[in-house]
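Chains, contacts and geometry: an overview
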Amino acid sequence: MRQARRRRVLPAVSAVAAGLAAVLLFFPAARPASADSYPGCPTLAAGATGGCVTHLQQDLNRAAGAGLQADGIFGAKTRQAVIGFQRAYGLTRDGAVGVKTAQTLANRSARDLPLGQPAPANYPPTFDPARAGAWARDNAQSYRSFVKKDPCTEFASRALAVAGMPQDDSWWDPPINWYMGRSGTSVPWVNVDKAAQYWVGHGWAREIPLDPDNAASAVMARPGDLLYFKWGGSDKTHMAMVTGTNGAIALKSEQNGGATPPFSSDGQWNLSYSHGRKPVTQVYQNIRVTLLHWNEQAQ
């Protein structure tokens, strides 16, 4: 009797374990919010020494061309290189490498991408990114875009306009102009690529590449920042807005004409709600995700 019961219990336990493993595959563990991008390292600042600092210096050399001696000593030159990196990516310029600066640097370094030039200007003072994020979160379900097929950028642009972004018709055309064909379908607030080019080109947002396999790689995101997805070809793009955080994980709200339902609110940024909450890397081949990150302080 006991042996028969044991045989019945073991398969059940195995099934539970298998189910748990499947869940963990869909929801990979995020780095703790207090962790640095260099495993096991605390916040790094002037006076720090050791292997963590050496790794930092190597990443600054690779991603920012800092020309530092990788000696493991966080001195004045390393601090200035950190401040320069923070300035170029709209991060708080305190010269210390906490989780946001470290993850941003790690994202750049991992892709061997050169450091972009510091932005020439801040976003307009009338614009409040947090207000844009709040509007997107509160209206993702109820808003009805007149762009039926690909409403994602129109929805994000609507949130920016509500939050005080000046309505320059090079990025925001009234709907009647779109329908009459004055600008065709390539107006920036409908076209994801042109929208990103406009905001980055004006120096109002920085491009930070993200790792879709690491949910915490967007830890520096703030409400109102934009997520720019690109995969498969020049016409395969999507835009969503950061609307909050869950620990170290950024949350997004969006409209997506090809999704079921055609919207999501406060969803984990690296999951695809169009395809049953699967990670985007399992749904789209060779997907790239870029965070358009608004400046955090005056330059």
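Our subject in this report is the structure included herewith. (Residues numbered from 1 in each chain as written. Predicted model: local features only at pLDDT ≥ 70, side-chain atom pairs only at ≥ 80, totals over all residues. Heavy atoms only, no water.)

**Side note on helix α2 (residues 51-64)**
The end-to-end C-alpha separation of α2 is 19 Å, in line with the 20 Å expected for 14 residues at 1.5 Å each. Within α2 the residues assigned to the buried category are Val53, Leu56, Gln57, Asp59, Leu60 and Ala63. Here the buried residues of α2 occupy an arc of 165° about the axis, which is enough to place them on one side. Following α2 by one or two positions, Gly65 has its phi on the positive side, about 60°. (Helix = DSSP H or I, 4+ residues; strand = E, 2+ residues; numbered from the N terminus. Expected span 1.5 Å × (residues − 1). Buried < 20%, exposed > 50% of the residue type's maximum accessible area, 1.4 Å probe, protein only. Arc of directions from axis to C-beta.)

**Observations concerning the sheet that holds strand β2 (residues 226-230)**
Taken in spatial order, the six strands make up an open sheet running β1-β8-β2-β3-β4-β5, and their pairing is antiparallel. Looking at which strands have only one partner, the edges of the open sheet turn out to be β1 (205-210) and β5 (263-268). This sheet shows a mean twist of 30° between the axes of neighbouring strands, independent of strand direction. Those strands touched by helix α6 (residues 152-162) are β2, β3 (237-246), β4 (249-255) and β8 (288-294), and its axis lies near 50° from that of β3. (Pairing = 2+ DSSP bridges. Axes fitted to C-alpha atoms, helices over the stretch in contact; angles between N-to-C directions. Contact = heavy atoms within 4.5 Å.)

**Concerning the nonpolar core**
Of all hydrophobic cores here, the largest spans 39 residues; its most connected members are Leu56, Leu60, Phe74, Leu210, Leu227, Trp269 and Leu291. Listed by contribution, the elements that provide at least two residues to this core are α2, α3 (76-88), α4 (99-110), β1, β2, β3, β4 and β8. In this view, Leu291 contacts Arg206, Glu207, Ile208, Leu210, Met220, Ala221, Asp225, Leu226, Leu227 and Val242; residues no more than four positions away in its chain are not counted. Ranked by size, the runner-up nonpolar core spans 27 residues in total, among them Ala132, Ala156, Ala196 and Met239. (Core = buried A, V, L, I, M, F, W, Y, C linked by side-chain atoms within 4.5 Å.)

**Things to note about the pattern of salt bridges**
Within this structure, the stated rule accounts for five salt bridges. Between Asp59 and Arg62 there is a salt bridge; the shortest N-O distance is 2.5 Å. With Asp59 and Arg62 both in helix α2, this residue pair falls three residues apart, about one helical turn. Judged by relative accessible area, which is 43%, Arg62 ranks as partly exposed. For Lys252, the salt bridge goes to Glu254, with nearest N and O atoms at 3.5 Å. Classification of Lys252 by relative accessible area gives buried; the value is 2%. (Salt bridge = Lys/Arg side-chain N within 4 Å of Asp/Glu carboxyl O.)

**A look at unusual backbone geometry**
Of note in this structure, Asp266 is not a glycine but carries a positive phi near 55°. Relative to the elements of secondary structure, Asp266 occurs in strand β5. In this structure, Asn286 takes a positive phi of about 55° despite not being glycine. The residue Asn286 is located in the loop between α9 (280-283) and β8 in this model.

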